[in-house]
Amino acid sequence: MATTVYLFRNDLRLTDLPGLAAASRAGSVLPLYILDDAAAGDRAPGGASRWWLHHSLQALGEEIAQAGGQLNLLRGDSVACLRELLGSRDISAVHSSRAYSPWEVALEAQLRDTCDALGVTFKRYPGALLHEPEHIENQSGTPFKVFTPFWRHCCRAEAPAQPVPLPSDTTWAEPLAQGLALQELELTPTKPDWAAHWPTLWTPGSEGARNALQRFLQDRVQHYASGRDHPAEEATSRLSPHLRFGDISPRQVWHTARATLQQQPALEEQINKFLAELGWREFSYHLLFHFPSIEHAPFKSQFQDFPWLGNKTLLRAWQQGQTGYPVVDAGMRELWHTGYMHNRMRMVTASFLTKHLLTHWRTGERWFWDTLVDADPASNTASWQWAAGSGADAAPYFRIFNPVTQGQKFDADGVYVRRWVPELAALPDRYLHRPWEAPAAVLEEAGVSLGSDYPQPIVDHREAREAALAAYQEIRKG
DNA sequence: TTTTGAGTTGTTCGA
DNA sequence: GTCGAACAACTCAAA
């Protein structure tokens, strides 16, 4: 019987994998995941993502075990691992889902060459997108650079393929003798185990993903369009880490959401808004695929010469949630404690780092890369550039978020700030987002001593804003 | 080819 | 407190 290797990448699930279904139809399947940090370079998953990856692999392994097979794990150079495997077993083909970031594209070419040289078929199937990047282009035949026409075009294009199930009669190949135990990938933290409480927050894996989607579509979606902007509300899907590792595919999400819309037409505005967020993920991947340099270089080239400052003390205050601006600190602490930050807060904290602290967006991008469970090579890059003003379809640079106004608008009753900055919990709403303006008596009543219990603002908003606008003037002259 | 309309998410100022 | 205009000018996408 012919054996096909199914090489898992960012698709840690069993349904909606056309390459796996095809492998199953062709004979027995050898499911394989290779952790290859060297090939990924500085895009190897960060600490928080590794935690997710561990648990997602665990869930995938259990699913495969339930179906009678065993997930094989290897660690090291993908090409060497694959070459050894193809040399030691009778393998007719290698199947995989496509991946789109620069290092994954490069590695895929090497894997294909390796297979070709050994006379083994390498077959790649559509990956974690609704539409392949080559299929979406404007009338000039070039990639879109503005979101709205991009997404309009996607919505008019042929609908994404229906998810395919794994055939129930799948047979699994004999496991590899050299396969590793999950623990041997060393993906989870030990000393200290900062993620000890994360299983209460997250359920990685495809079952967790399906449950999150159901929970969202049954309840949260009803006030998604406005609720999604309020970090204290539970109005978002929290699907991002599941999508990052492919616990669920965007096609599954898209079709499930469309089915809900068919049953409940009144939800049109909410569901379309939700699908547009999938669209932003899609847009980020299209940008990264067509303009791979945006990983490191500004999309708008004039930002090459932007006079970033890069003050280490200010950066540390931002990372630790000690800037003296309550919403900023709440966001950064949520990130540190949960591996996640609400989208509105991501915008506020990214704006603060790049504009108030004049720190390079790459510095913030690296921090998010290490601390987010959903750190995604496309979304993280494109969104940081968007916030910094250097990205595609970015906010105009002069739009500088006022952290006080943002707090008053999106956390008016202070539930979010009080949750993450408990030392300010007793302050009245009126001063919660600007404690430095509270009268001494109010601070004393709330038990807050500014400068010891909670920092004074590390920069003055008005001064920082003017400095940012002045810095922007410098690159406009050139 | 030229023209035209439009572009995720905001802030500040002055009436 | 609320409202509208200005911010600064640019590039994209489509007609």
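The structure under discussion appears in the preceding block.
Cut-off values and rules
- Residues numbered from 1 in each chain as written.
- Chains lettered and ligands numbered in written order.
- Predicted model: local features only at pLDDT ≥ 70, side-chain atom pairs only at ≥ 80, totals over all residues.
- Axes fitted to C-alpha atoms, helices over the stretch in contact; angles between N-to-C directions.
- Helix = DSSP H or I, 4+ residues; strand = E, 2+ residues; numbered from the N terminus.
- Parallel < 35°, antiparallel > 145°, perpendicular 65-115°, else oblique.
- Left-handed = near helix turned anticlockwise from the far one by under 90°.
- Contact = placed C-beta atoms within 7 Å.
- Expected span 1.5 Å × (residues − 1).
- Buried ≥ 20, exposed ≤ 12 C-beta atoms within 10 Å, placed from the backbone.
- Pairing = 2+ DSSP bridges.
- Right-handed = clockwise from strand over helix to strand, strands pointing away.
- Near = placed C-beta within 6 Å.

Chemist: I'd like to hear about the packing of helix α4 (residues 78-88) against helix α5 (residues 102-117), residue by residue, with values.
Modeler: Where α4 contacts α5, the axes come no closer than 10 Å and their chain directions differ by 20 degrees. The orientation of α4 relative to α5 falls into the category roughly parallel. The element α4 and its partner α5 pack so that their crossing is right-handed. In this structure, α4 uses Ser 78, Val 79, Leu 82 and Arg 83 to contact α5, whose residues at the interface are Leu 107, Gln 110, Leu 111 and Thr 114.

Chemist: Tell me about helix α16 (residues 377-388), residues and numbers included.
Modeler: Taking 1.5 Å per residue, 12 residues should reach 16 Å; α16 reaches 17 Å between its end C-alpha atoms and fits that length. The element α16 is extensively covered by neighbouring structure, given that 12 of its 12 residues are classed as buried. Among the residues of α16, Pro 377, Ala 378, Ser 379, Asn 380, Thr 381, Ala 382, Ser 383, Trp 384, Gln 385, Trp 386, Ala 387 and Ala 388 are the ones counted as buried. Packed against the buried residues of α16 are α11 (268-290), α14 (343-356) and α15 (361-371). After α16 finishes, the residue Gly 389 shows a positive phi value of roughly 95 degrees.

Chemist: Outline the pairing of strand β4 (residues 93-97), supporting the account with residue identities and numerical values.
Modeler: Among the 5 residues in β4, 4 count as buried, and that is most of the element. By the bridge criterion, 4 bridges tie strand β1 (residues 3-8) to β4 in an arrangement that is parallel. The residue of β4 that forms the bridge with Val 5 is Val 94. With α5 bridging β4 and its parallel neighbour strand β5 (residues 121-125), the resulting β-α-β unit is right-handed.

Chemist: Describe unusual backbone geometry, with residues and values.
Modeler: With an omega of -5 degrees, the peptide bond between Lys 191 and Pro 192 qualifies as cis. Topologically, Pro 192 is positioned in the loop between β6 (171-172) and α7 (206-218). Located in the positive-phi region is Glu 186, a residue other than glycine, with phi close to 50 degrees. Along the chain, the position of Glu 186 falls in the loop between β6 and α7.

Chemist: Report on the protein's contact with DNA strand B, specifying residues and quantitative values.
Modeler: The environment of DNA strand B is formed by 17 residues, the closest being Phe 147, Thr 148, Trp 280, Asn 402 and Thr 405. If you list the elements that add at least two residues to the surface near DNA strand B, you get α6 (147-156), α17 (403-410) and α21 (461-477).

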